[in-house]
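What follows is the residue order along each chain.
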Amino acid sequence: MTELVVLAGSDGLPAGTADKAAVHTTDTPLHFAFSAWVLREGKVLVTRRALSKKTWPGVWTNAFCGHPAPGEENAAAVIRRAHFELGLAISEVREVLPDFSYRAVDSSGIVEHEICPVFLVELAPGVEPQPNPDEVDSYEWVEPAELIRAAEATPFAFSPWMVEELAEAPLRQVLA
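A quick note: this is a predicted structure, and the numbers were derived from the prediction, not measured.

Turning our attention to the side chain of Asp106. Considering the arrangement of structural elements, one finds Asp106 in the loop between strand 9 (101-105) and strand 10 (111-115). An unpaired buried charge is present at Asp106: no salt bridge exists, and Arg49, the closest side chain of opposite charge, is 7.5 Å distant. Of the polar contacts made by the side chain of Asp106, one reaches the backbone nitrogen of Trp56; its length is 3.3 Å. If we skip the residues at most four places from it in the chain, Asp106 touches Lys54, Thr55 and Trp56.

Glancing now at the UniProt feature "domain: Nudix hydrolase" (unreviewed entry) in the chain. The UniProt entry lists residues 29-164 under the feature "domain: Nudix hydrolase" (unreviewed entry), expressed in the numbering used here. The annotated region residues 29-164 carries 21% helix and 35% strand content, and the separation between its end C-alpha atoms amounts to 20 Å.

Turning to the layout of surface pockets, a few remarks are in order. Empty space within the largest pocket amounts to approximately 630 Å³. Lining the largest pocket are 33 residues; nearest its centre among them are Lys20, Lys53, His67, Arg81 and Glu135. Taken together, the elements giving at least two residues each to the lining of the largest pocket come down to helix 1 (20-23), strand 5 (43-49), strand 6 (60-62), strand 7 (64-66), helix 2 (74-86) and strand 10. No other element matches the 4 residues that helix 2 contributes to the lining of the largest pocket. Split into classes, the residues belonging to the lining of the largest pocket amount to 12 nonpolar, 8 polar and 13 charged. The computed volume of the second largest pocket comes to approximately 160 Å³.

Below, the discussion takes up the nonpolar core. In this structure, Trp37, Phe100, Leu147, Met162, Leu166, Leu171 and Leu175 are the most contacted members of the largest nonpolar core, which totals 25 residues. Residue assignment for this core shows that the elements contributing at least two residues are strand 4 (34-40), strand 5, strand 8 (94-97), strand 9, strand 11 (118-122), helix 3 (144-153), helix 4 (160-166) and helix 5 (169-175). Excluding anything up to four places from it in sequence, Leu175 contacts Trp37, Leu39, Val44, Pro144 and Leu166. Within the second largest apolar cluster, 17 residues are counted, among which are Phe34, Ala63, Ala77 and Trp141.

Now for the state of the cysteines. Applying the stated criterion across every chain, the model contains 0 disulfides. The thiol sulfur of Cys116 is not disulfide-bonded, and the nearest other cysteine sulfur, from Cys65, lies at 5.7 Å.

Reading the values: the criteria
Residues numbered from 1 in each chain as written. Predicted model: local features only at pLDDT ≥ 70, side-chain atom pairs only at ≥ 80, totals over all residues. Heavy atoms only, no water. Helix = DSSP H or I, 4+ residues; strand = E, 2+ residues; numbered from the N terminus. Buried < 20%, exposed > 50% of the residue type's maximum accessible area, 1.4 Å probe, protein only. Lys, Arg positive; Asp, Glu negative; His and termini not counted. Salt bridge = Lys/Arg side-chain N within 4 Å of Asp/Glu carboxyl O. Polar contact = N/O pair within 3.5 Å; in protein donor to acceptor, adjacent residues only side chain to side chain. Contact = heavy atoms within 4.5 Å. UniProt positions renumbered as here; feature names shortened; annotations may be inferred. 1 Å grid on protein atoms, 1.4 Å probe; cavity = no way out; pocket = protein on both sides within 12 Å on 5 of 7 lines; lining within 4 Å. Points joined across faces, edges and corners; volume = space filled by probe spheres on them. Nonpolar A, V, L, I, M, F, W, Y, C, P; charged D, E, K, R; others polar. Core = buried A, V, L, I, M, F, W, Y, C linked by side-chain atoms within 4.5 Å. Disulfide = S-S within 2.5 Å.

Spelled out as structure tokens, the structure:
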């Protein structure tokens, strides 16, 4: 099954679609995505990307990311990907960085170039992810302050979008 991403024009508006498998190259066009953080009992979930991922394999990152399908609302895409990547059944998400975007190049030359609003999910006590091994190698629950310090001290060990997101005051405030 072909998964489509929604391309974005320089004006930030939808400008067509492309096959996700073909769009992430050394010349990735700007497209729409989202990034999600998961909190539980004051700790934040970080995941290690599966070694089979095309971009940033094996790198530690926020809970999960994805792309809204054509015509899909971001919140619905977050709920869909939470279940697909981590086996989490969630019903509520909160947007914390609506205007976040970034461009990054991994060591293989593959580019991520995304308009990528950031969302927060809060889990009930005791709820544990059930990672999809095609997406997530492993996960840890960590103290937010420790994660921020680690990302500042060793940004190369984390996804570039996570490092950039953690530098944003609104996200730091909700994680604190």
